[in-house]
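Tertiary structure, described
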Amino acid sequence: MTISELKTARLILRRWRDEDVLPWAAMNADPAVREYFPAALTYEQSAGSIEAFRADLDRRGWGWWALELAATGELIGMAGLDPVEDALPFRGVEVGWRLARQAWGNGYATEAGHACLDFGFDVLGLGEILAICAAGNQRSQAVMHRLGMTRDPADDFDDPTVPPGPLRRSVVYRIKRH
């Protein structure tokens, strides 16, 4: 399967480019963007994540896409779908997003999330898609609600990939194919 990009009214979800490294690294160094992650990422870690994203997109045709404003070409973050990490206590495909702080509050995460859900259900034929975040991340949970996803507190878990502390408790939202 070769999928180059997804488009919405305002966004393009596309392959990563070399010129994305600097804005992606700056975004991942922002403490506000990384508030619900264990640490900020170094430039090298951000560059490495782009290489991993590219490899997944090449191999599967889907994954974590670069998120660009269609009107300006500005990279504002990432969004996509990815199989749940093996270390987690459940399986499935998750939808996710991460936006630069200046892009917050414009509905971009919800718009990109809808495009990813449509792709997951209509193209990949998934029966269910998950979303996972730190329990305290109310902004992401609000996006999950706007996407029509629901949470069962019985699915909440301590993420073994996160060091012990306040970020370890995670919530799971789900949406089934309609």
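Residues numbered from 1 in each chain as written. Predicted model: local features only at pLDDT ≥ 70, side-chain atom pairs only at ≥ 80, totals over all residues. Heavy atoms only, no water.

1. A word on the pattern of salt bridges
Note the following rule: The salt bridge definition used is simple: a Lys or Arg side-chain nitrogen within 4 Å of an Asp or Glu carboxyl oxygen. For helices the rule is a DSSP run of H or I covering at least 4 residues; for strands it is a run of E covering at least 2, with both sets numbered from the N terminus onward. Each residue is assigned to one of three classes by its accessible area relative to the maximum for its type, calculated with a 1.4 Å probe on protein chains only: buried under 20%, partly exposed between the two thresholds, exposed over 50%.
One pass over the structure, following the stated rule, counts 18 salt bridges. Across the pair R54 and D18 runs a salt bridge, and its minimum N-O distance is 2.7 Å. In this pair, R54 sits in helix α2 (residues 43-60) while D18 sits in the loop between β2 (11-14) and α1 (21-28), placing the two residues 36 residues apart along the sequence. The residue D30 makes a salt bridge to R101 at a minimum N-O spacing of 2.6 Å. Here R101 lies in the loop between β5 (93-99) and α3 (108-123) and D30 lies in the loop between α1 and α2, a separation of 71 residues in the sequence. For D30, a relative accessible area of 14% corresponds to the buried category.

2. Some thoughts on the nonpolar core
In summary, soluble globular proteins display a tendency toward joint burial of nonpolar side chains. Operational definition: We call a set of buried Ala, Val, Leu, Ile, Met, Phe, Trp, Tyr and Cys residues a nonpolar core when their side-chain atoms join them within 4.5 Å.
Judged by nonpolar contacts, the single largest core of 46 residues is most densely connected at L13, W16, V95 and W97. Counting seven residues, the second largest nonpolar core, distinct from the first, contains V84, I132, F157 and V172.

3. So, the environment of D156
Quick note on the threshold: The criterion used for residue contact is that any of the two residues' heavy atoms lie within 4.5 Å. The term polar contact refers here to a pair of N or O atoms within 3.5 Å; inside protein, the definition further demands a hydrogen-donor-capable atom paired with an acceptor-capable atom, and it admits residues adjacent in sequence only when both atoms are side-chain atoms.
Along the chain, D156 turns up in the loop between β7 (150-151) and β8 (157-158). Residue class for D156 comes out buried when judged on its relative accessible area of 15%. Once the C-alpha coordinates of D156 and V171 are considered, the two residues, 15 residues apart in sequence, prove to be 4.5 Å apart. The contact partners of D156, leaving out residues within four places of it in the chain, are R151, R169, S170, V171 and V172. A distance of 2.4 Å separates a polar atom in the side chain of D156 from a polar atom in the side chain of R151.

4. Focus on the layout of surface pockets
Going by this rule: Space inside and on the surface of the protein is sampled on a 1 Å grid over the protein atoms alone, with a cavity defined as a set of points where a 1.4 Å probe fits but cannot get out and a pocket as an open set with protein on both sides within 12 Å along at least 5 of 7 lines; lining residues have an atom within 4 Å of a point. Grid points are joined across faces, edges and corners, and a volume is the space filled by probe spheres set on the points. Classification used: nonpolar for Ala, Val, Leu, Ile, Met, Phe, Trp, Tyr, Cys and Pro, charged for Asp, Glu, Lys and Arg, polar for all others including Gly.
Taken as a whole, the largest pocket holds about 1,300 Å³ of empty space. If you list the elements that add at least two residues to the lining of the largest pocket, you get α2, β4 (75-83), β5, α3, β6 (128-134) and α4 (138-146). With six residues, β5 is the largest single contributor of residues to the lining of the largest pocket. Class assignment of the residues belonging to the lining of the largest pocket gives a composition of 27 nonpolar, 10 polar and nine charged.

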